[in-house]
Amino acid sequence: MKIAFFSTKSYDEDSFGSILANYHHEITYFETKLDQFSAPLAKGYEAVCAFVNDSLDKNTLTLLKENGVQLIALRCAGYNQVDLEAASSLDLPVVRVPVYSPEAVAEHAFALILTLSRKTHKAYNRIRESNFSLEGLTGFNLYKKTIGVIGTGAIGRAFCKIALGFGCEVVAFDVFQNEEMKDLGVKYVSLEDLFSQSDIISLHCPLTPDTKHLINKTALSQMKNNCMLINTSRGALIETKAVIQALKSRELGYLGIDVYEQEEDLFFRNLSEQILEDEQISRLMTFPNVLITGHQAFLTHEALAQIAKTTLDNITQFEKGERLDNQIALK
Ligand code: NAD
């Protein structure tokens with residue numbers, strides 16, 4: 001099939017390029033983000049491959065359909081960027097990569113936690129300037145701390161296992177409880193109890209209308225003083241304004257985020273020569289107890305290889321008229 005890739009980076013070309021010979025597909029890589037303005041680029045392609053910050057709203061999907069596109073293949077797990085109702089009414093199946101490397105994201109969440117808890121980001125900068133002072137670098141142990149995990153799906157479960165390995169108490173909240181986690185010692189509690197008991201809270205649930213701004217002023221007021229909040233899931237799970245206020249009032253102790261509510265206009269691009277217009281991320285960047293990475297939790301060789309394989313397998317299933325194992329069902 002002829003596939004138009006959007007929002008592509010060199011690592012996409014590397015991971016897909018290295019296995020493309022095993023398939024009969026033809027890929028054109030477009031660096032531009034997919035939206036209603038770039039959708040006409042897909043004219044003449046049978047499938048479109050999109051990523052997390054592409055905008056697959058009704059207008060874009062309608063244009064893709066009019067231009068002959070028959071399949072939307074997401075090369076990611078989350079699908080909050082797609083208007084599924086519009087896709088269904090246009091008879092455009094949407095497939096995704098539901099699981100590629102949950103460990104990649106879970107380990108990145110721990111990279112954020114350990115950097116903040118042991119201040120290695122500060123130590124790195126100090127040592128480069130021959131400043132070997134330890135003043136201000138006192139951290140805290142993870143051992144015996146309580147970690148609250150919201151969402152014990154594939155990534156949340158990998159995260160729980162790492163946390164248990166550190167000797168943490170793990171409490172969790174999910175709309176479905178997982179028996180394997182319970183057997184390993186994870187205690188499911190209410191959301192309110194998770195907020196009030198946890199020293200560290202890590203978000204691993206999807207972004208849905210129910211979970212938007214799950215972390216708001218009320219939730220933050222229920223957390224322990226000095227709590228650490230980690231988000232590697234989706235930016236809008238956190239109400240950024242409320243989190244900034246909690247950091248300013250010193251109630252929230254640490255914030256580690258790989259995703260950001262307004263990341264669409266910022267992430268995956270080099271803006272180092274530009275003036276940032278976004279006041280909220282600019283404010284977040286000023287806090288010494290905030291660590292931001294630009295949606296890179298998925299970015300490991302292992303995860304990229306699996307994303308490429310599953311995406312091309314999904315497209316092959318469609319081409320052969322087979323059942324689409326990874327089609328997103330309209331709820
Ligand atoms: P998953 O579907 O395996 O698990 C999600 C879990 O969240 C499920 O157990 C589900 O029951 C639970 N859940 C749903 N609604 C909930 C609610 N209201 N409250 C509590 N739990 C709820 O998904 P996953 O593979 O573990 O991925 C989780 C999220 O991580 C994705 O939705 C995606 O947004 C994000 N993600 C981020 C990156 C990154 O690079 N930063 C990479 C991959 C995925």
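Residues numbered from 1 in each chain as written. Predicted model: local features only at pLDDT ≥ 70, side-chain atom pairs only at ≥ 80, totals over all residues. Heavy atoms only, no water.

A. Structural detail: the sheet that holds strand E3 (residues 47-50). Taken together, 5 strands build an open sheet; the order of strands is E2-E1-E3-E4-E5 and the sheet is parallel. The open sheet is flanked by strand E2 (26-29) and strand E5 (94-95), the only strands paired with a single partner. Pairing geometry for strand E1 (residues 2-5) and E2, over 4 bridges, is parallel. Paired with Ala4 across the bridge in E2 is Thr28. Sheet strands in contact with helix H12 (residues 301-319) are E1, E2, E3, strand E4 (71-74) and E5, and its direction is about 160° off that of E4. (Pairing = 2+ DSSP bridges. Helix = DSSP H or I, 4+ residues; strand = E, 2+ residues; numbered from the N terminus. Contact = heavy atoms within 4.5 Å. Axes fitted to C-alpha atoms, helices over the stretch in contact; angles between N-to-C directions.)

B. Examining helix H10 (residues 240-248) more closely. Residues of H10 that are buried: Thr240, Ala242, Val243, Ile244, Ala246 and Leu247. For H10, the secondary structure elements touched by its buried residues are helix H9 (217-222), strand E10 (227-231), strand E11 (252-257), helix H11 (279-284) and strand E12 (290-292). With its phi angle positive at about 65°, Arg250 sits one or two positions after the end of H10. (Buried < 20%, exposed > 50% of the residue type's maximum accessible area, 1.4 Å probe, protein only.)

C. Representation of the site of the ligand in the model. By nearness alone, 22 residues border the ligand, and Tyr100, Ala154, Ile155, Asp174 and Thr232 come closest of all. Backbone polar atom of Gly153 to an oxygen atom of the ligand: 3.3 Å apart, as the coordinates give it. Ser233 places a polar side-chain atom, nitrogen or oxygen, 3.4 Å from an oxygen atom of the ligand. Classifying every residue of the shell around the ligand gives 11 nonpolar, 8 polar and 3 charged. (Near = heavy atom within 4 Å. Polar contact = N/O pair within 3.5 Å; in protein donor to acceptor, adjacent residues only side chain to side chain. Nonpolar A, V, L, I, M, F, W, Y, C, P; charged D, E, K, R; others polar.)

D. Geometry of the UniProt feature "domain: D-isomer specific 2-hydroxyacid dehydrogenase catalytic" (unreviewed entry) in the protein. Listed under "domain: D-isomer specific 2-hydroxyacid dehydrogenase catalytic" (unreviewed entry) in the UniProt record, and renumbered for this structure, are residues 9-328. Along residues 9-328 one finds 36% helix and 14% strand; the C-alpha atoms at either end are 25 Å apart. (UniProt positions renumbered as here; feature names shortened; annotations may be inferred.)

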